[in-house]
Amino acid sequence: MKYRFTFMLMIACFLSLNLYSQKKELTYYLPDINYDKKITTPEQFLGYQIGEWHISHDQQLAYLRMLAEQSPRITLTEYARSYENRPLVYLTITSEKNHRDMELIKGEHKKLSDPSASAEVDISKQPIIVYQGYSVHGNEASGGNAAPLVAYYLAAGKGREVENLLEGAVILLDPCYNPDGFHRFSSWTNMHKNKAITADPSDREYNEVWPGGRTNHYWFDLNRDWLPVQHPESQGRIRVFQEWHPNILTDHHEMSTNATFFFQPGVATRTHPLTPQEAMDLTAEIGNFHASALESIGSLYFTNERYDDYYYGKGSTYPDVNGSIGILFEQASSRGKAQESENGILEFSFTVRNQVVTSLSTQKAAMTLKEKLLEYRRNFYSKSLEEATSYTRKGFVFGESHDASRLNHFLELLRRHEINVHKLNSPLTVAGIEFKSNDSYIVPLEQPKFKLIRAIFERNLSFQDSLFYDVSAWTLPLAFNLNYAPLDRREYDPVLLGPPVEGIPQIISGETPDYSAYAYLFEWDSYYAPKALFYILKNGLRAKVATKELIAEGKRYARGTIMIPVEGQNKSPDEIFQMMQLAARATGTTIYDIDGGLTPEGPDIGSSYLRPLKQPEILIMAGEGVTGYDAGENWFILDQRYEIPVTLREPIDIRRTDLSRYNVIIMPDGSYNTLEENEVAQLKEWVQNGGTLIGMKRAVNWLNRNKIGTVNLKNQSIEEDQLGRRPYGQLEQDNGAQQIGGAIFQTLLDLSHPLGYGYRKSELPVLRKGNTFLEVAKNPYATPLVYSQNPLLSGYISDKNAALIESSASIVVSGEGQGRIIYMADNPNFRAFFYGTSKLFANAIFFGHIIDGQSIER
């Protein structure tokens, strides 16, 4: 009997797993209606039904191109290219008549965002615009696999319901927000798929290697880039969003395997206060359609928990501050063909089906609530303008006198969001800050983007909740380290508004020098000065950095000024002149020519206070045990912004690496659990021989544990009697409140220290994400950056963490032998939009080796 039972169980498992390898019919995913037989199905094109394999990006794109050729309901538009040169496209799907009238439709729809013209729009005759986007996280693949099915339904579906939809709506279908990550993941899961399907979660198919397919080429989370718009994928998408002004935008994701399905609204207390309550009410009303659709196929779901609507840099929240309704979908992920879960075997085809069903329920909701959603958009902007009129603040002024590139990038960001910006017409002093008309701008609040402007410029220190799904602060002028100030009624005057900034600002060219037979100088203020310096060093020229202020030919030069002598180089004076001109034009860095070395004040040009520099040879640890986001941010800054080649090396492979070919090693945030005693000794020896080791966030903890250099961490423990007795139900809230998920703090920078070169103000806002707290070094010169007293500028921090961070160290410099170890409690390259702190990173790379040995912690 026992053997018979075992045999029957084996047969049942075999039959069960066999079911997973069976293909699904088209009607498993789509309504059982008539379809135009002239339109090719996904299965006919691919040679397999969606759900059997993970569609790759090139397959997806090729199928959608074919649909656009076959169906008069569809046009395909390429709106960007990824870093790996993959096209990002969207389909415009609507009736043939609407296609013919598209410019009129877009023009009338855009009027709804203009309070001066919106009243004249007859919304009863206006189609609704629905933007449906999929798989911004490449390994959350059910969305990107659902997209071709949704497109086919709209292209080939027959019947009154489909026809009414196409007449009353314009569907913008963005099949893959992140083609690089999506392609990476499809390759992984397809190459590990078994013919005899295994659902074992331990199988390699369900466990990607580092960095996985979630992120883009540089390992950025593109679902945090809707507001910063630092990447081509996001820049193109925001351009499409601002062109079409959709009424609904959906963002299809995946979550942990043991979950079910989530749709918004999320946690009510974690909604940004600038989001109107009506938006949340409409989200809930639309949610009723999702609930009904999911229940009709027996799918479990949840709402109003776990996810929030706070950070406006996400796809489901950016629309909320732009008069649209953003909706997040989260499907439990199979991460492969079929995986065991708490809810039974989770099949990939089932996850795709849920994404298809909620895509169609969104379209149904849009049609049912069409006039209400169109009216909401009209009211959003008219009410925003009314609020702006009565708001105590009337605008924001900002400027930057020493770094035109950083200022220009901030202008670029504002204009990508179609925010109206004007040159400052006349000098202005606000709160003791002087704004000059030649390098300052003003953003009036009385414009349709009132709420978005507030989201970008204002600080927030008051919160309903202490838990955040992402950062609690992103105040962008602080991130760019710009001088800025709000203007109240007394300070604001319309005459301050100079000419408007038109279009997207282009890269600024620096002033080029005249010919010199002696030397060239450039200051370190420009954001792209490191790019200029590397170009010079890479071409074999010698360069030095001034460690004291100097005056040459009537101009005062700050510490950090770079000097390139003409004599003694391996290039002729004419060649050097051409290189200086090219460097200035390409990097926005102004380069000056000087004809002599005698200075009236400060060191002469030949002084030993000008220290020789080395060309950086950089290794970044990137792999298992390293946080991919942080590694990618460091890589991106060096590769894309500074055009400095780097070597990316797995920590576990350090033992097989000749470190002597590098003079800088960067350890981004991570556990470094693959490094052992041999690698510790190897790194120590490399530092002693003169290397510069830069450790960030949790890498500092690892360096401290392994006694590489000297740094002291703050004690974070709490005595048990301090906690007292707490309700069990508060555990999640209590733990979450102690995590610093992203807030902005004031630090104080030693401008005389090599790590402070290129800065003009000692006050420097930094982004803190994480709980590494450093003690100030015992050596009084070894802590160039410290947190101020009461340092919180914007965002949430618990009382316990506020006490820990106050007056703590942000950067400590130590050393062993001839080398230097630079410990950074924070990541200065956070998401590539913290332009204000990137110079700390560049300084550590270029100037770490010149830091005086007497100033370091030992």
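Further up the page is the structure itself.
The text that follows walks through the structure, step by step, so that each part is easy to find.

**Notes on helix 6 (residues 102-111)**
All buried positions along helix 6 are accounted for by Met102, Ile105, Lys106 and His109. All buried residues of helix 6 lie within an arc of 95° about the axis, which places them on one face of the element. Counted as exposed and oriented over 90 degrees from the buried face of helix 6: Glu103 and Leu104.

**What about unusual backbone geometry?**
Cis geometry is adopted by the peptide bond preceding proline 211, which originates at tryptophan 210 and carries an omega value of 5°. When you line up the elements, proline 211 lands in the loop between helix 9 (179-191) and helix 10 (232-244). The omega torsion of the bond from glutamine 264 to proline 265 falls at 20°, within 30 degrees of zero and hence cis. Take proline 265: it is sitting in the loop between strand 6 (261-263) and helix 11 (277-296). At glutamate 418, a residue that is not glycine, the phi angle is positive and equals roughly 55°.

**Some words on the pattern of salt bridges**
In this structure the tally under the stated criterion is 41 salt bridges. Between arginine 335 and glutamate 254 there is a salt bridge, with the nearest N and O atoms lying 3.2 Å from each other. Note that arginine 335 is positioned in the loop between strand 7 (325-332) and strand 8 (338-341) and glutamate 254 in strand 5 (residues 248-255), a separation of 81 residues in sequence. The buried category is assigned to glutamate 254, whose relative accessible area is 6%. Aspartate 630 is the salt-bridge partner of lysine 697, the closest N and O atoms lying 3.3 Å from each other. Of this pair, lysine 697 sits in the loop between strand 27 (692-696) and helix 21 (698-705) while aspartate 630 sits in helix 19 (residues 628-641), and the two are 67 residues apart along the sequence. We note that lysine 697, like aspartate 630, is buried. Because the salt bridges share partners, they merge into one network encompassing Glu140, Arg214, Asp221, Arg224, Asp470 and Arg831.

**A closer look at the environment of proline 612**
In this fold, proline 612 is placed in strand 23 (residues 610-612). Separated by 70 residues in sequence, proline 612 and arginine 542 have C-alpha atoms that sit 7.5 Å apart. Beyond its immediate chain neighbours, meaning those up to four positions away, proline 612 contacts Ala543, Lys544, His849 and Ile850.

**Considerations on the sheet that holds strand 27**
Pairing is mixed across the open sheet formed by 9 strands, whose spatial order is 25-24-26-27-32-31-30-28-29. Each end of this open sheet is capped by a strand with a single partner; those strands are strand 25 (646-649) and strand 29 (763-768). Taken pair by pair, the neighbouring strands of this sheet meet at an average axis angle of 25°, ignoring direction. The pairing of strand 30 (residues 785-794) with strand 31 (residues 809-816) spans 2 bridges and is antiparallel. Paired with leucine 785 across the strands is isoleucine 811, a residue of strand 31.

**Regarding the packing of aromatic side chains**
Applying the stated criterion across every chain, the model contains 47 aromatic pairs. With a centroid separation of 6.2 Å and 45° between ring planes, the pair formed by tyrosine 527 and tyrosine 642 is classed as tilted. With a gap of 115 residues between them, tyrosine 527 in the loop between strand 17 (519-522) and helix 17 (529-538) and tyrosine 642 in the loop between helix 19 and strand 25 connect regions that are remote in the sequence. Considered together, tyrosine 527 and tyrosine 642 belong to a single accessibility category, that of buried residues. In this structure an aromatic cluster arises from ring pairing among Phe396, Phe398, Phe410, Tyr441, Phe457, Phe480, Tyr484, Tyr527, Tyr528, Tyr642 and Tyr835. Lying across the ring of tyrosine 28, lysine 24 places its NZ or CZ 5.2 Å from the centre. Directly above the ring of tryptophan 53 sits lysine 193, whose terminal nitrogen or CZ lies 3.6 Å from the centroid.

**Quick look at the side chain of arginine 353**
For arginine 353, the position within the fold is in helix 12 (residues 348-368). What arginine 353 contacts, discounting residues up to four positions off in sequence, is Tyr28, Tyr29 and Ile297.

**Here we look at the sheet that holds strand 10 (residues 393-399)**
Read from one edge of the open sheet, 5 strands run 15-10-14-11-16, paired in antiparallel fashion. The open sheet has two edge strands, strand 15 (483-488) and strand 16 (497-500), and neither has a second partner. Strand-to-strand, the axes of this sheet are offset by a mean angle of 35°, without reference to chain direction. Sheet analysis places strand 11 (residues 422-424) next to strand 16, joined by 2 bridges and oriented antiparallel. When the sheet's bridge partners are listed, leucine 424 is paired in strand 16 with leucine 497.

**Focus: helix 9**
Three- or four-residue spacings in an α-helix give side chains the same orientation, since the helix completes a turn every 3.6 residues. End to end, helix 9 covers 18 Å across 13 residues, agreeing with the expected 18 Å (1.5 Å per residue, within 8%). Within helix 9, the full set of buried residues consists of Pro179, Asp180, Gly181, Phe182, His183, Phe185, Ser186, Trp188 and Thr189. Packed against the buried residues of helix 9 are helix 4 (57-70), strand 2 (87-93), helix 7 (142-156) and helix 10.

**Points about the packing of helix 4 against helix 9**
Look at helix 4 against helix 9: their axes get within 8 Å of each other, and the N-to-C directions meet at 115°. Contacts from His57, Asp58 and Gln60 of helix 4 reach helix 9 at Pro179, Phe182 and His183. Residues belonging to the contact of helix 4 with helix 9 are distributed by class as follows: 2 nonpolar, 3 polar and 1 charged.

**Observations concerning the pairing of strand 30**
The buried fraction of strand 30 amounts to 7 of the 10 residues, a majority that puts the element mostly inside the structure. As paired strands, strand 28 (residues 743-749) and strand 30 are joined by 5 bridges and run antiparallel to one another. The residue bridging leucine 749 from the neighbouring strand is leucine 785, located in strand 30.

**Focus: the environment of tyrosine 672**
Structurally, tyrosine 672 can be placed in the loop between strand 26 (664-667) and helix 20 (677-688). Between the alpha carbons of tyrosine 672 and alanine 622 there is a distance of 9.9 Å; along the sequence they are 50 residues apart. If we ignore the near neighbours within four places in the chain, the residues touching tyrosine 672 are Met621, Gly625, Val626, Pro651, Met667, Ala699 and Trp702. From its side chain, tyrosine 672 meets the backbone oxygen of proline 668 in a polar contact 2.6 Å long.

**Examining the environment of valine 321**
Mapped onto the fold, valine 321 is located in the loop between helix 11 and strand 7. For the pair valine 321 and threonine 599, spaced 278 residues apart in sequence, the C-alpha separation works out to 55 Å. Apart from residues lying up to four places away in sequence, valine 321 is in contact with Tyr312, Phe380, Lys451, Leu452 and Ala455.

Rules behind the numbers
- Residues numbered from 1 in each chain as written.
- Predicted model: local features only at pLDDT ≥ 70, side-chain atom pairs only at ≥ 80, totals over all residues.
- Heavy atoms only, no water.
- Buried < 20%, exposed > 50% of the residue type's maximum accessible area, 1.4 Å probe, protein only.
- Helix = DSSP H or I, 4+ residues; strand = E, 2+ residues; numbered from the N terminus.
- Arc of directions from axis to C-beta.
- Salt bridge = Lys/Arg side-chain N within 4 Å of Asp/Glu carboxyl O.
- Contact = heavy atoms within 4.5 Å.
- Pairing = 2+ DSSP bridges.
- Axes fitted to C-alpha atoms, helices over the stretch in contact; angles between N-to-C directions.
- Phe/Tyr/Trp six-rings, centres within 6.5 Å; stacked < 30°, edge-to-face > 60°.
- Lys NZ or Arg CZ within 6 Å of the ring centre and 35° of its normal.
- Expected span 1.5 Å × (residues − 1).
- Nonpolar A, V, L, I, M, F, W, Y, C, P; charged D, E, K, R; others polar.
- Polar contact = N/O pair within 3.5 Å; in protein donor to acceptor, adjacent residues only side chain to side chain.

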